[in-house]
Amino acid sequence: MSEKNVPDLKKIILKKDGVLEVPNFPIIPFIEGDGIGPDVWRAAVRVIDASIQKAYQGERKISWLEVLAGKKAFDTCGQWLPDETIAAFKKYLVGIKGPLTTPVGGGIRSLNVAIRKALDLYVCMRPVKYYPGVPSPVKNPEKVDMVIFRENTEDIYTGIEFEEGSAENKRFKALLEEHFPEEFAKIRFPDTAAIGLKPVSIEGTTRLVRAAIQWALDNHRKSVTLVHKGNIMKFTEGAFRNWGYDLAETEFGEYVYTQREWQKKKLDSGEAAADAEKNLALSGGKIYIKDIIADIALEQTITQPESFDVLATLNLNGDYLSDALAAQVGGVGIAPGGNINFEAGFAVFEATHGTAPIFANQNIVNPSSLILSGEMMLRYLGWNEAADFILSGLQTTIQEKTVTFDFHRLMEDAKLVKTSEFADAIIENMG
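A quick note: this is a predicted structure, and the numbers were derived from the prediction, not measured.

Undergrad: Help me understand the overall build of the chain, please; the structure alone is not making it clear to me.
TA: For the chain, the helix and strand inventory stands at 16 helices and 17 strands. Here the C-alpha radius of gyration of the chain, 23 Å, is about what a compact globule of 431 residues would show, namely 22 Å. Its C-alpha atoms give the chain principal-axis dimensions of about 65 × 60 × 50 Å. The buried share of the chain, taken over its 431 residues, is 52%. Residue pairs at least 24 apart in sequence account for 72% of intrachain contacts in the chain once pairs closer than 6 positions are excluded. Entry remark: accessible area of the chain is about 20200 Å², with carbon and sulfur atoms responsible for 53%. Within the chain, one finds 48 positive and 59 negative side-chain charges whose respective centroids are separated by 1 Å.

So, in structure tokens, the structure goes:
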């Protein structure tokens with residue numbers, strides 16, 4: 001569909017109070033993606049459309065607008081990420097995309113990162129929840145129900161690097177040696193060291209933590225955990241922890257209580273955490289804000305998943321945590337994701353897996369990641385009834401053991417179906 005064919009349809013707009021105003025027939029841009037992208041998109045869009053029809057009986061409907069990125073864009077117009085694509089996402093606020101390949105040989109480091117930066121999508125939101133019947137490598141996957149708020153614009157993903165042997169590398173190290181000799185002395189092999197920078201700001205931290213706490217309040221969650229490596233990187237990751245607590249206590253003091261507040265009462269951190277968790281029911285409905293070292297978080301989200309709810313963290317930690325937690329509930333094939341700017345209203349929801357070109361155009365892969373990203377998108381629009389139909393259809397289909405090959409090989413007595421047939425089953429099972 002092109003824009004000229006739908007002149008009567010309205011755009012989604014962000015009102016002054018920060019709430020989206022969504023018309024009944026919004027235009028939503030989509031990128032089908034590379035590799036298996038077209039296969040999973042064809043399945044996902046049918047499920048999304050069917051859920052809206054079932055929920056609203058024709059009173060609401062999405063008008064899909066295809067925009068280009070990745071190989072299809074390059075083959076069509078010679079650009080990996082055309083300006084028109086970013087302009088469409090900015091104009092219509094909300095979009096969805098399949099997996100994209102990244103061009104080899106310079107230029108754009110990552111198409112996904114480029115889209116996030118162009119729209120300043122500072123939150124990568126990754127819900128991780130177990131659906132009964134999905135094969136899992138852990139004993140009690142049903143205890144996993146977390147939402148990761150990963151900072152999307154800072155940390156090492158800014159891409160500030162100096163390649164070993166390059167002129168830029170030599171100039172940077174010369175400046176470092178001249179002006180910060182003590183820091184330069186910490187480089188064990190300076191002659192052959194590549195260098196990368198890790199910016200972490202107050203603004204980047206506070207808007208991420210603010211979004212995580214507000215979402216936790218709006219969705220009646222119990223806790224927000226700041227995940228960091230501040231015991232080693234004291235002025236970046238440690239600052240993230242401190243600024244996060246500052247934001248929680250100054251802006252949300254009426255609605256939260258923090259582990260740091262307990263520690264100020266001269267309790268050690270273990271007692272503070274234990275007491276706070278034990279007395280959560282007596283806290284008057286306040287959300288508990290706590291923190292944890294990143295490596296311990298990777299351990300305890302496996303051994304004590306019930307202790308975690310919303311996780312707020314920097315870019316690299318969030319990358320590790322997202323995939324590690326997804327593995328507990330069936331892998332990235334069933335893990336949705338959304339990149340969101342809660343201040344401007346921009347949001348692009350996406351499949352979290354890769355393009356898997358060896359499976360492209362075979363109609364065999366699992367479309368659940370993109371389907372569930374569509375479910376996230378519907379909730380972002382406030383179309384919760386349609387989102388509920390997607391969940392009910394997916395859960396019933398999996399419990400009936402009607403699955404694609406990735407789950408079929410791990411389940412006994414399962415029925416193997418194609419990508420399109422899996423979508424058919426979900427639609428049929430929308431209860």
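Okay, back to it.
Undergrad: Hey, could you run me through the side chain of Gln259 in this one?
TA: By secondary structure assignment, the location of Gln259 is in helix H9 (residues 259–263). Residue Gln259 is classed as buried on the basis of its relative accessible area, which comes to 6%. A polar contact of 3.2 Å, which involves the side chain of Gln259, links it to the backbone nitrogen of Asp291.

Undergrad: What is the right way to look at helix H5 (residues 167–179) in this model?
TA: Residue pairs spaced three or four apart in an α-helix point in one direction, given the helix's 3.6 residues per turn. Between its first and last C-alpha atoms H5 spans 18 Å; for 13 residues at 1.5 Å apiece the expected length is 18 Å, and the two agree. Elements in contact with the buried residues of H5: strand S8 (161–162), helix H6 (181–184) and strand S9 (195–196).

Undergrad: Explanation requested: the packing of helix H11 (residues 294–303) against helix H12 (residues 315–328) in the structure shown.
TA: When two helices pack together, you describe them by how their axes are tilted relative to each other and by the distance separating the axes. For the pair H11 and H12, the least separation of the axes is 10 Å and the interaxial angle reads 15°. Taken together, the axis directions place H11 and H12 in an arrangement best described as roughly parallel. By crossing handedness, the relation of H11 to H12 is classed as right-handed. Facing Ala294, Leu298, Thr301 and Ile302 of H11, the residues of H12 in contact are Asn317, Tyr320, Leu321, Ala324, Leu325 and Gln328. Across the contact of H11 with H12, the residue classes break down as seven nonpolar, three polar and no charged.

Undergrad: Looking at this model, I keep getting lost on the pairing of strand S7 (residues 145–151). Mind explaining?
TA: Every other side chain in a regular strand lies on the same face of the sheet, so the side chains alternate between the two faces. Burial analysis of S7 places six of its seven residues in the buried class, the great majority of the element. As judged from the seven bridges shared by strand S6 (residues 123–129) and S7, these two strands associate in the antiparallel manner. Paired with Cys124 across the bridge in S7 is Arg150.

Undergrad: Is there a simple way to think about the sheet that holds S6 in this case?
TA: The strands that make up a sheet are held in pairs by hydrogen bonds between backbone atoms, and each pair lies either parallel or antiparallel. Strand order in the open sheet formed by 11 strands is S4-S3-S5-S15-S14-S6-S7-S13-S10-S12-S11, with mixed pairing between adjacent strands. Each of the sheet's edge strands pairs with one partner strand only, and the pair in question is strand S4 (63–66) and strand S11 (256–258). The average angle at which neighbouring strand axes cross in this sheet is 25°, direction not considered. Where S11 and strand S12 (residues 287–293) come together, three bridges link them in parallel fashion.

Undergrad: Would you take a moment to explain the pattern of salt bridges for this structure?
TA: Side-chain pairs of opposite charge can arise where the charged atoms are in close proximity. Enumeration over the complete set of coordinates arrives at 22 salt bridges. Close ionic contact of Arg241 with Asp291 constitutes a salt bridge, the shortest N to O distance being 3.3 Å. Residue Arg241 is located in helix H8 (residues 237–251), and its partner Asp291 is located in strand S12; the two are separated by 50 residues in the primary sequence. The two residues Arg241 and Asp291 agree in class, both being buried.

Undergrad: Help me understand the packing of aromatic side chains in this model?
TA: The way to describe two aromatic rings as a pair is by their centre distance and the angle between their planes. Evaluation of the coordinates by the stated rule reveals 11 aromatic pairs. Summarising the aromatic geometry, the rings of Trp41 and Trp64 are spaced 5.2 Å apart at their centres and angled 85° between planes, so their arrangement reads as edge-to-face. With Trp41 in helix H1 (residues 37–56) and Trp64 in strand S4, this residue pair connects regions lying 23 residues apart in the sequence. According to the relative accessible area criterion, Trp41 is buried, its value standing at 5%. Pairing Phe149 with Trp215 gives two aromatic rings, centres 6.0 Å apart and planes at 55°, and the pair type is tilted. One end of the pair, Phe149, is in strand S7; the other, Trp215, is in helix H7 (residues 202–218), with 66 residues separating them in the sequence. Side by side, Phe149 and Trp215 carry an identical accessibility label, which is buried. One aromatic cluster is present, formed by Phe30, Trp41 and Trp64 through successive ring pairs.

Cut-offs applied
Residues numbered from 1 in each chain as written. Predicted model: local features only at pLDDT ≥ 70, side-chain atom pairs only at ≥ 80, totals over all residues. Heavy atoms only, no water. Helix = DSSP H or I, 4+ residues; strand = E, 2+ residues; numbered from the N terminus. Rg over C-alpha atoms; globule rule 2.2 N^0.38 Å. Buried < 20%, exposed > 50% of the residue type's maximum accessible area, 1.4 Å probe, protein only. Contact = heavy atoms within 4.5 Å. Areas by Shrake-Rupley, 256 points an atom, 1.4 Å probe, with all protein chains shown as cover. Lys, Arg positive; Asp, Glu negative; His and termini not counted. Charge placed at Lys NZ, Arg CZ, Asp CG, Glu CD. Polar contact = N/O pair within 3.5 Å; in protein donor to acceptor, adjacent residues only side chain to side chain. Expected span 1.5 Å × (residues − 1). Axes fitted to C-alpha atoms, helices over the stretch in contact; angles between N-to-C directions. Parallel < 35°, antiparallel > 145°, perpendicular 65-115°, else oblique. Left-handed = near helix turned anticlockwise from the far one by under 90°. Nonpolar A, V, L, I, M, F, W, Y, C, P; charged D, E, K, R; others polar. Pairing = 2+ DSSP bridges. Salt bridge = Lys/Arg side-chain N within 4 Å of Asp/Glu carboxyl O. Phe/Tyr/Trp six-rings, centres within 6.5 Å; stacked < 30°, edge-to-face > 60°.

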